[in-house]
Each structure stands twice: as structure tokens, then as C-alpha cells.
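# Architecture and fold: a report
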Amino acid sequence: METVHKQAQAKPEQNGHAGELAALNQLLGTKLTEEQVYFFALRLCDNHTDRDAEYFARADLERLAALFVGKTGLFDHSWSARDQAARLYRTELEEEPGVVTESGEAGCWLKGYAYLLRTQENESLIAEIEGGIKKEVSVSCAVARSVCSICGNDIHDRSLCSHEKGRLYEGKRCIVRLAEPVDAYEWSFVAVPAQPMAGVVKGWAPKGGSLRQVLAWADRDGAWQKELDRLEQEAAAGRQYLSTLRKEVVRLGLLADFGLRGEQLRSLTEKLDAEALEEMKKSLEEKLGQGLGLPVQLRYARGTGQNGGDDGSFVI
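About the thresholds
Each residue is numbered by its place in its chain's sequence as written, counting from 1. The predicted nature of this model means local features are confined to residues of pLDDT at least 70 and side-chain atom pairs, given and counted, to a pLDDT of 80 or more, with totals for whole chains, interfaces and linings taken over all residues. To get the side-chain values, all heavy atoms of the structure are used, and hydrogens and water are removed first. Secondary structure elements follow DSSP: runs of H or I no shorter than four residues count as helices, runs of E no shorter than two count as strands, and numbering proceeds from the N terminus. As used in this structure description, the phrase polar contact means that two N or O atoms lie within 3.5 Å; if the pair is within protein, one of them must be able to donate a hydrogen and the other to accept it, and residues adjacent in sequence are counted only when both atoms belong to side chains. Remark: exposure states derive from per-residue accessible area (1.4 Å probe, protein chains only) relative to the maximum for the residue type, with buried under 20%, exposed over 50%, and partly exposed in between. Here a strand pair is declared whenever DSSP counts at least two bridges between the two strands. An arc is given here, and it is the one of the directions from the helix axis to the C-beta atoms. What makes a nonpolar core is a set of buried Ala, Val, Leu, Ile, Met, Phe, Trp, Tyr and Cys residues whose side-chain atoms join them at distances within 4.5 Å.

It is worth spelling out the side chain of Ser-188 at this point. Locating Ser-188 in the fold gives a position in strand β11 (residues 176–189). Within the structure, the side chain of Ser-188 is placed 2.8 Å from the side chain of Glu-186, a separation counted as a polar contact.

Have a look at this one:
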């Protein structure tokens, strides 16, 4: 049996989710209120190959999901009661649609839901989680085997496996599956995780809400809101410019008499971006300038008593 530490990421979860509070009280047998509890979620580990050329398979993550419920959160894997900071109360497997890992599995990761009490001692930790300072996390667990991807044997059994993690063998990299977890010890806030994606990952922003609603929850100092205001103003100006440009292209298209009705031209311009519309406008202007050019109305004679050859187009 081998003890391993693997890392991930985390992000604050906003209080106010009655279902989560009910799940927590059911697990603990308590009657905690929303005012007493701070929630956050963690990407504990995934089935991607990490910096150590190791990975968990999906089956291993499913085992870990059950093992990690109720496990405590520490700092830097310091196994001391003084360093207990938070606790997991439930876990679930999250899918990564369209992602395939190096081992050939569909991408997925283990999400943990954690809580800590809103006490005076925890105020600084909550602020650091909210501010993204405390983000990376690492899990500590025990696995039964470390399986070599080249030969299928335990990589620690040198009588059966002579391969080295990370090395190429006939074009295939040696990676190690941390197989058959037998226990989960704890998870910790760390500085540098082995799994780059591990850590605080998601807040309880309004589900299905607008971007401004999400920013209202996450943007504490209002800086993102101001940036969004500026972007919305620029977007409105851009939409107005495109609308004017499309109308002008339709007008020029009708003058050029392509045999298309106004509705057809409008439908065509709706599919074009600004660059294509500018090119089309330029082309139409050139066509109309060549085909519909009007003769000069007045042309003065080159000399006294000489009539201009084109003056007949304008008679006084």
C-alpha cells in the first residue's frame, strides 16, 4: 500500500443554498444555520496525468468520492488538530465533455463540497478563499497499487517492472495509475499542487443568471462591473455602426439592381461581419460609379467662340 498526495483547486461557495445546509446538518446531526456556516467547493483530483506522470482512473475517483466524505481540511498536510480548517460533507464526479485524457479515458474530476464555521478565528481564512489566495489544494490517500502503463505491473516491484515514469518507450510515455484507493486521510491547502487544476473551483453564483448577476456576487470592489459598463457601451456603439453599414449596403445593392429584393439583401447582410460589409460597400460604390456615372453638366469652351462637345447635356 502506498500513501500519495495529489493536488487541485478551490473557490468560495456563497451561503444561502438550503439543500446544501440540509445535507450538512444531516451528516453532522446538527442544526447549523446559514449565518454560522461558510461553504466552498474543491476540485480535489482528476483523471488527467499530473506533474509526477501519475493519474487516477475514473474507477479510482469513484472510490475516492466515497472515501473523502467527512474528511478534514488542513494546511500543508500538517496532521495536527490545531491545523484543522474545514471539512468535506459531500462529493460528486464531474464530467468534462469532449476531453480525453492521456490514458484514453473521458475526462472527469472529483468535486468536494466543504464547509467551515464563521468564527472570528476563521475570518482571515474566509477572506483568503474569497480573494483567491487560498486556492490550491492537495489530497492525501492510500492506494493498493501503482500500475505501470507500459507493462501493467506495479512500478515499485522492480523484479517485474523496469520502466521509469515519464520516459518514452517505443514512442509511448510511461505513466502510472494510482489504482484501487483503500483510504482517504485528508486534504490540504498547499502552494504548488501536483495536479495543476486542483483547488477551489466554483462559487454558488446564481444558476442561469446573467453575467452582471454573477459579477454582482463575485466582484467585491466593483472593478469588473465598471469594465462591463465600458464594454457594453462599446458594444452598443458597434451594433449601431453595423446597423448603419448594413442599411447602406442594402441601399447600394438596390441601386446596383442585382435582381434581389430588399428583404433578400437585408438577409444577406445579416450574415456578414463588419469587414465583409465594408468590402461589399466599397465594391458597390465602385460599380455604381462606373455604371451610373452622370455627364458633367457644364463644360466651358477651351477658347473664345468654341463650343464644348458635351454641352448638349445641359442647355441654358
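On to the pairing of strand β7 (residues 106–117), then. For β7, the buried fraction is high: ten of the twelve residues fall into the buried class. Across eight bridges, the pairing between strand β3 (residues 37–46) and β7 is antiparallel. For Ala-41, the partnering residue across the bridge sits in β7 and is Tyr-113. Here strand β6 (residues 86–100) runs beside β7; their pairing, made up of nine bridges, is antiparallel. Residue pairing for β7: Thr-91 is matched across the bridge by Gly-112. What sits between β6 and β7 in their antiparallel hairpin is a turn of five residues, with Gly-104 showing a positive phi close to 95°.

Okay, helix α6 (residues 262–270) next. When we look at burial in α6, the residues that qualify are Gly-262, Leu-265 and Thr-269. Down the axis of α6, the smallest arc covering the buried residues is 65°, so these residues share one side. Exposed positions of α6 whose direction lies more than 90 degrees from the buried face are Glu-263 and Glu-270.

Attention now goes to the nonpolar core. In this structure, Phe-40 and Trp-187 are the most contacted members of the largest nonpolar core, which totals 28 residues. Among the elements that make up this core, the one with the highest residue count is β3 (five residues). In terms of nonpolar packing, the next biggest core, distinct from the first, is built from nine residues, Leu-24, Leu-32, Val-37 and Tyr-113 among them.

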